[in-house]
Amino acid sequence: MNVNDFYNEVSRKVDTDKTSIGVAETKRVLSEAFKILAALPTADAFDVVAKAISKASKKTS
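The structure contained in this document is the topic of the report that follows. (Residues numbered from 1 in each chain as written. Predicted model: local features only at pLDDT ≥ 70, side-chain atom pairs only at ≥ 80, totals over all residues. Heavy atoms only, no water.)

### Concerning the overall build of the protein
Thinking step 1. If you tally the helices and strands in the protein, you get 3 helices and 0 strands.
Thinking step 2. Helices and strands appear in the protein in the N-to-C order α-α-α.
Thinking step 3. Taking the principal axes of the C-alpha coordinates as reference, the protein spans close to 35 × 30 × 20 Å.
Thinking step 4. In the protein, buried positions account for 10% of the 61 residues.
Thinking step 5. Counting only carbon and sulfur atoms, one obtains 61% of the accessible surface of the protein, whose full area is about 5100 Å². (Helix = DSSP H or I, 4+ residues; strand = E, 2+ residues; numbered from the N terminus. Buried < 20%, exposed > 50% of the residue type's maximum accessible area, 1.4 Å probe, protein only. Areas by Shrake-Rupley, 256 points an atom, 1.4 Å probe, with all protein chains shown as cover.)

What follows is the structure, given as structure tokens:
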């Protein structure tokens, strides 16, 4: 999966009947999130991502 595939997959998940969020909006939000992560020290950025993945895996279990 490349970054564009990731953005598109996220967009498909968040665009629901209750919440209309388009691909462009999704890409803009994710791009800003990655800019924030890029500004952090690498260890902190990976810590944030690891914690987010951990929370997400609990939601899917």
